[in-house]
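Residues per chain, in single letters:
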Amino acid sequence: MKRLFVLLFSFLTLTVYAEAPVEGGEFQPGDMITHHIADDYTWHFADGVVLYLPVILVDNGEFKVFSSHNFYGENHETVPYNGYALEHGHITRVNEAGEPLEGHAALYDFSITKNVASMFVSVALLFIVFFIIAGRYKNNPKSAPRGIQSFFEPIIIFIRDEIAKANIGPKYERYMPYLLTVFFFIWFNNLLGLMPGGANLTGNIAVTLVLALITLLITVFSGNKSYWKHIFATPGVPTWLAPIMIPVELIGILTKPFSLMVRLFANITAGHIIILSLFSLIFIFRSVAVGPLSVAFATFMNFLELFVALLQAYIFTLLSAMYFGGAVEEHDHAEDHH
Amino acid sequence: MELVTPGIGLLFWQTVTFLIVLFLLGKFAWKPIMTALHERETSIESALSAAEKAKLEMQALKADNEKLLAEARMERDKILKEASEAGNSIVETAKLKANEEGARMIEQARESIENEKRAAITEVKNMAASLSLEIAEQILKRELSDKTAQHTLAQDYIREVTLN
Amino acid sequence: MLLAILLQAVSEGAGLGIMGAGIGAGLVALGAGLGIGRIGGSAMESIARQPEAGGKIQTAMIISSALIEGVTLFGVVVCLLIAIA
């Protein structure tokens, strides 16, 4: 296992090395890092090993599907295609001469980008792993767990007992599917992001925004009477404060998922940036001597990121469970607010 | 700012994919897993409680056995005690009876001895009477022949009689 | 010394924003380090005092650290945006 990790990390180095010369001339660490953590229309595994992903555009209510290979010329330079061009990682309308065109109708980009493709991989992985486990449970529910089942069972039980039961209370069963799915989705994608050539999916604001939004919606829709009472008529607060308290509480509802969103996004992105910056040091100093030091630091950071990958999945699930718990909690006692 | 601007494509795909994953995993993975875990836990719990119950039953049985044993022991002791008491009483009555019998026999013997004695005395008296009669006869006969002889003889007889 | 650097930065103009981002990131790290350090220290003390409540204390520690970290990362993201933009 250890050897496998070392192998993986050495591949990561290769990927960075492969990407560096593409910038041409002076090495720009900022550009390299930005390019890595941003989304892309191709999946660049190594130099020359590139997967061109499909582009799906909705232009003026019209579907346009073509391969992103059309955007790249022979020397890997970007070329306009069919009235569209790749500009700073975005598809824009251009005229015949390749000059930017101001579009009147909206241009929506639903392309299967690197992040989307990576998400599909993680989803396939989730399905394979958990359908196998579920099959084991279905076929012999009373036998002791075996294989991957015995690896995941303690985690599932931990989520059920320590996260759901402890923070939601007796109504925890309704939220178990969401908590389990979100935990394993984030964890798997964090780990896939650490893989060489992996996409920075959980470090993308759109992904964390959707996850946080679902948490918010579940919280709001499962809020009981006492939850709303605490927001619109907080016990123990005089009525004349209501014009201040209600907006504060309403903003409070929104800041919780907002912090969830930023936390996951920033943690994962920061991890990627740190590792890539450490590797960039080699190219900034143009020295082999910096190599071992930089690799040693990056390896250490990678191990830390493995821990962070699990920790962030745990934190997201735990805080979601706490918000659900706050929404379904029964406040019987007058002293019990908060 | 691009870093914190969510792209519509990824937003769309993430929402769709996540909801599909949530639905499929919820239906085909989490449900059977949670049910199986729950079932296993309840079965383990029931097995544990059954074992506990069996243990309690065993203890009750053991206690019952001990009680029975103690009762049997007590019974035995009682029976032994009773038997020894019965034996004692039998010996006692036998002794009493024997004593009584002995006493009765002694009494009988004494009575018979008394009777014999009385009979013997009567016989002696009768014999003495007949002897006296004989003596008297003899003396009477001699009287007829010799007076002094007669006298000495009477003297002798008298002496004999008193001696006897 | 600092004044000289500042003056040079002002005269060059463009670097000022990036410098601000760097200083901001440093301040953010300082604040977060202090805050999370305090949490960690107090948690250690509590666990040492009551080892049987270790699990609960650990969960509470992670939650409060995550809350601080959330704000911290907000600051880091702002600095990052200034530096990259």
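All of these numbers come straight from a predicted model, not from anything done at the bench.

The rules behind each value
Residues numbered from 1 in each chain as written. Chains lettered and ligands numbered in written order. Predicted model: local features only at pLDDT ≥ 70, side-chain atom pairs only at ≥ 80, totals over all residues. Heavy atoms only, no water. Helix = DSSP H or I, 4+ residues; strand = E, 2+ residues; numbered from the N terminus. Buried < 20%, exposed > 50% of the residue type's maximum accessible area, 1.4 Å probe, protein only. Areas by Shrake-Rupley, 256 points an atom, 1.4 Å probe, with all protein chains shown as cover. Phe/Tyr/Trp six-rings, centres within 6.5 Å; stacked < 30°, edge-to-face > 60°. UniProt positions renumbered as here; feature names shortened; annotations may be inferred. Patch = residues over 30% accessible without salt bridge, like charges linked within 9 Å, V, L, I, M, F, W, Y side chains within 5 Å. Salt bridge = Lys/Arg side-chain N within 4 Å of Asp/Glu carboxyl O. Polar contact = N/O pair within 3.5 Å; in protein donor to acceptor, adjacent residues only side chain to side chain. Contact = heavy atoms within 4.5 Å. Axes fitted to C-alpha atoms, helices over the stretch in contact; angles between N-to-C directions. Parallel < 35°, antiparallel > 145°, perpendicular 65-115°, else oblique. Nonpolar A, V, L, I, M, F, W, Y, C, P; charged D, E, K, R; others polar. Left-handed = near helix turned anticlockwise from the far one by under 90°. Core = buried A, V, L, I, M, F, W, Y, C linked by side-chain atoms within 4.5 Å. Pairing = 2+ DSSP bridges.

Student: Go over the overall build of chain C, please, and point to the residues and values.
Tutor: A tally of regular secondary structure across chain C gives three helices and zero strands. Moving toward the C terminus, one meets the helices and strands of chain C in the order α-α-α. Split into buried and exposed, the 85 residues of chain C put 26% on the buried side. As displayed, chain C has an accessible area near 5500 Å², and 74% of this comes from carbon and sulfur atoms.

Student: Run through the packing of aromatic side chains, naming residues and quoting values.
Tutor: For the structure on display, the rule yields 29 aromatic pairs over all chains. Centroid distance Y178 of chain A to F18 of chain B: 6.1 Å. Interplanar angle 80 degrees. Geometry classified as edge-to-face. With Y178 of chain A in helix α5 (residues 176-194) and F18 of chain B in helix α1 (residues 8-143), this pair bridges two chains. Here Y178 of chain A and F18 of chain B have matching classes, each one buried. Ring plane angle 70 degrees and centroid distance 5.1 Å describe the contact between Y227 of chain A and W228 of chain A, whose orientation is recorded as edge-to-face.

Student: With reference to specific residues and values, describe the UniProt feature "transmembrane region" (unreviewed entry) in chain C.
Tutor: Per the UniProt annotation, the sites labelled "transmembrane region" (unreviewed entry) are residues 23-41 and 62-84 of chain C. Taken end to end, residues 62-84 of chain C is 100% helix and 0% strand, and its first and last C-alpha atoms sit 31 Å apart.

Student: Help me get a handle on a nonpolar patch on the surface, residues and values and all.
Tutor: Where nonpolar side chains cluster on the molecular surface, the patch consists of F258 of chain A together with F74, V78 and I82 of chain C and spans about 340 Å² of accessible area. Broken down by element, the nonpolar patch gets its largest block of residues, three residues, from helix α3 (residues 54-84) of chain C. Assignment of secondary structure puts F74 of chain C in helix α3.

Student: Explain the UniProt feature "transmembrane region" (unreviewed entry) in chain B to me, and be specific about the residues and the numbers.
Tutor: Here, UniProt's "transmembrane region" (unreviewed entry) annotation points to residues 12-30 of chain B. Note that residues 12-30 of chain B is 100% helix and 0% strand, and that its end C-alpha atoms are spaced 25 Å apart.

Student: Give me the side chain of T317 of chain A: which residues, what numbers.
Tutor: Residues and elements named next belong to chain A. With respect to the element layout, T317 can be found in helix α9 (residues 290-328). Within the structure, T317 has its side chain in polar contact with the backbone oxygen of A313 (distance 2.5 Å). Excluding residues that lie within four positions of it along the chain, T317 makes contacts with I159, I163, L179, V182 and F183.

Student: Tell me about the packing of helix α7 (residues 225-232) of chain A against helix α8 (residues 242-285) of chain A, and name the residues and values.
Tutor: In a pair of packed helices, the angle between the axes and the distance between the axes together describe the arrangement. Residue and element names in this part refer to chain A. It is at 8 Å that the axes of α7 and α8 come closest, and there the two elements cross at 130 degrees. When the interaxial angle is binned, α7 and α8 end up oblique. Across the interface between the two elements, Y227, W228, H230, I231 and F232 from α7 touch I246, E249, L250 and I253 from α8. In terms of residue class, the contact of α7 with α8 is made up of seven nonpolar, one polar and one charged.

Student: Describe the pattern of salt bridges, naming the residues involved and giving the relevant values.
Tutor: Between side chains of opposite charge, pairing is possible as soon as their charged atoms come close. One pass over the full model with this rule turns up eight salt bridges over all chains. The residue K165 of chain A makes a salt bridge to D161 of chain A at a minimum N-O spacing of 3.5 Å. Of this pair, K165 of chain A and D161 of chain A both sit in helix α4 (residues 148-168), four residues apart, roughly one helical turn. When its relative accessible area of 37% is taken as the criterion, K165 of chain A is described as partly exposed. The exposure class assigned to D161 of chain A is partly exposed, which follows from its relative accessible area of 26%. A salt bridge links E107 of chain B to R110 of chain B; its shortest N-O distance comes to 3.6 Å. Note that E107 of chain B and R110 of chain B are positioned in helix α1 at a spacing of three residues, about one turn of the helix.

Student: Explain the packing of α8 of chain A against α3 of chain C to me, and be specific about the residues and the numbers.
Tutor: Across the interface, α8 of chain A lies against α3 of chain C with an axial gap of 8 Å and an inter-helix angle of 60 degrees. With respect to their mutual orientation, α8 of chain A and α3 of chain C come out oblique. Two packed elements cross with a definite hand, and for α8 of chain A against α3 of chain C that hand is left-handed. Contacts between α8 of chain A and α3 of chain C pair F258, V262, R263, F265, A266, N267 and I273 of chain A from the former with A66, L67, E69, G70, L73, F74, V77 and L80 of chain C from the latter. Across the contact of α8 of chain A with α3 of chain C, the residue classes tally to 11 nonpolar, two polar and two charged.

Student: Lay out the nonpolar core in plain terms, naming residues and giving numbers.
Tutor: Within the largest apolar cluster, 88 residues are counted, with the highest numbers of intra-cluster contacts made by F130 and F184 of chain A. The element contributing the most residues to this core is α1 of chain B, with 12 residues. In contact with F184 of chain A, other than residues within four places in its own chain, are L126, F130, F152, I155, I156 and I159 of chain A together with W30 of chain B. If you look at the next biggest cluster of nonpolar residues, it comprises nine residues, including V55, L57, F71 and Y72 of chain A.

Student: Report on the environment of K78 of chain B, specifying residues and quantitative values.
Tutor: You can see K78 of chain B is positioned in helix α1. Here the alpha-carbon distance between K78 of chain B and M105 of chain B, two residues 27 residues apart in the chain, equals 39 Å.

Student: Outline the UniProt feature "domain: V-ATPase proteolipid subunit C-like" (unreviewed entry) in chain C, supporting the account with residue identities and numerical values.
Tutor: UniProt records the feature "domain: V-ATPase proteolipid subunit C-like" (unreviewed entry) for residues 19-82 of chain C in the present numbering. Between the end C-alpha atoms of residues 19-82 of chain C there is a gap of 9 Å, over a span that is 94% helix and 0% strand.

Student: Just give me the short version of the sheet that holds strand β4 (residues 62-67) of chain A, but keep the residues and values in it.
Tutor: Residue and element names in this part refer to chain A. Strand order in the open sheet formed by three strands is β4-β3-β7, and the pairing between neighbours is antiparallel. The open sheet has two edge strands with one neighbour each: β4 and β7 (107-109). Taken over all neighbouring pairs, the strand axes of this sheet differ in orientation by 25 degrees on average, direction set aside. Where strand β3 (residues 54-59) lies against β7, three bridges are found, and the strand directions are antiparallel. The partner of D59 across the bridge, within β7, is L107.

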